[in-house]
Amino acid sequence: MLYEHLNFYPVLILVCVFAPVLMLIWVGRALGFELTEKTLQGGTRTLVAVSVLVAANYVAVIVYYLASPAYLDHVEPTIAANAYVLNHSQPLYHSAETGERYSLVYGPLAYLPYSLAMGLAPYGFLTCKLVATVACFLTLFVGILCLKKWLKGPSLVLASGFLVALFLALGPDAFLVRADPILCLLAALGQIGRASCRERV
């Protein structure tokens, strides 16, 4: 139930809050009228508050997930188990002729970060959850650092809230024990690297 809720909640935020306000501003400018300063200030405060609530909701869901011994996706324990056997000198992938049948058709990035973490802090599934969660938060942090290169003040808060809402569109996949959190982090690091290179040019 929680899984389905997380998949659709950000869509409601985007459609019901951000999109109408942005369309009102853009259409108004296109038609030649501007919102009053008082209206803009009130709308900005409202969107900032919504942005903070969206971010707080996201953090609360992740904390709940960490505190729970359960998992949200059936692939999670399989990835953790494969990372564990890799830590004990077992092959990550095996041929069709072998008796073992535990490997999945996922790339090594789905297992290696978790295997490394379990080697450093052998706390089982919780270790894997922590790796995915840290990757998720680092992705958002790096994304906000990218936004800070072009925005500041309330605009930065609004854009950050919008980024969190878009990130929520991944549902819980953004912080589950899978390759997704690691891939998102690598994409964010690539983006901030690109932004930094453009600043130097």
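Look above for the structure.
Residues numbered from 1 in each chain as written. Predicted model: local features only at pLDDT ≥ 70, side-chain atom pairs only at ≥ 80, totals over all residues. Heavy atoms only, no water.

### Comments concerning the pattern of salt bridges
Link 1 in the chain: In the structure shown here, the tally under the stated rule is three salt bridges.
Link 2 in the chain: Its salt-bridge partner being Arg 178, residue Asp 173 comes within 4.0 Å of it at the nearest N-O pair. Considered together, Asp 173 and Arg 178 belong to a single accessibility category, that of buried residues.
Link 3 in the chain: A salt bridge links Asp 180 to Arg 178; the nearest nitrogen and oxygen atoms lie 3.2 Å apart. (Salt bridge = Lys/Arg side-chain N within 4 Å of Asp/Glu carboxyl O. Buried < 20%, exposed > 50% of the residue type's maximum accessible area, 1.4 Å probe, protein only.)

### Comments concerning the layout of surface pockets
Empty space among the atoms becomes apparent when a probe as large as a water molecule is rolled across them.
Link 1 in the chain: Size it by volume and the second largest pocket reaches roughly 160 Å³.
Link 2 in the chain: Lining the second largest pocket, in full, are Thr 139, Leu 140, Gly 143, Cys 146, Leu 147, Leu 163, Phe 167, Ala 188 and Gln 191.
Link 3 in the chain: For the lining of the second largest pocket, the secondary structure elements donating two or more residues are helix H5 (125-148), helix H6 (154-168) and helix H7 (180-200).
Link 4 in the chain: Per-element accounting of the lining of the second largest pocket gives the leading share, five residues, to H5.
Link 5 in the chain: Among the residues making up the lining of the second largest pocket, the classes are represented as six nonpolar, three polar and no charged. (1 Å grid on protein atoms, 1.4 Å probe; cavity = no way out; pocket = protein on both sides within 12 Å on 5 of 7 lines; lining within 4 Å. Points joined across faces, edges and corners; volume = space filled by probe spheres on them. Helix = DSSP H or I, 4+ residues; strand = E, 2+ residues; numbered from the N terminus. Nonpolar A, V, L, I, M, F, W, Y, C, P; charged D, E, K, R; others polar.)

### So, the side chain of Ser 68
Link 1 in the chain: Within the secondary structure, Ser 68 sits in the loop between helix H2 (37-67) and helix H3 (75-87).
Link 2 in the chain: Among the polar contacts made by the side chain of Ser 68, one reaches the main-chain amide nitrogen of Ala 70 at a distance of 3.1 Å. (Polar contact = N/O pair within 3.5 Å; in protein donor to acceptor, adjacent residues only side chain to side chain.)

### Things to note about the environment of Gly 107
Link 1 in the chain: Assignment of secondary structure puts Gly 107 in the loop between H3 and helix H4 (112-120).
Link 2 in the chain: Taking relative accessible area as the criterion, Gly 107 reaches 41% and is therefore assigned partly exposed.
Link 3 in the chain: With 15 residues separating them in the primary sequence, Gly 107 and Leu 92 have C-alpha atoms 9.9 Å apart.

### Regarding the state of the cysteines
Link 1 in the chain: The tally for this structure, following the rule as stated, stands at zero disulfides.
Link 2 in the chain: Here Cys 136 stays free of any disulfide, with the sulfur of Cys 184 as its closest cysteine sulfur at 8.0 Å.
Link 3 in the chain: For Cys 136, a relative accessible area of 0% puts it in the buried group. (Disulfide = S-S within 2.5 Å.)

### Remarks on the side chain of Thr 127
Link 1 in the chain: Tracing the backbone through its elements, the reader meets Thr 127 in helix H5.
Link 2 in the chain: By relative accessible area, which is 6% here, Thr 127 ends up buried.
Link 3 in the chain: Non-local contacts of Thr 127, meaning those with residues more than four positions away in its chain, are made with Ala 117, Met 118, Ala 121 and Pro 122. (Contact = heavy atoms within 4.5 Å.)

### Considering unusual backbone geometry
Link 1 in the chain: The phi angle at Ser 89 is positive, at roughly 65 degrees, despite the residue not being glycine.
Link 2 in the chain: Here Ser 89 is to be found in the loop between H3 and H4.
Link 3 in the chain: Accessibility expressed as a relative area gives 67% for Ser 89, which makes it exposed.

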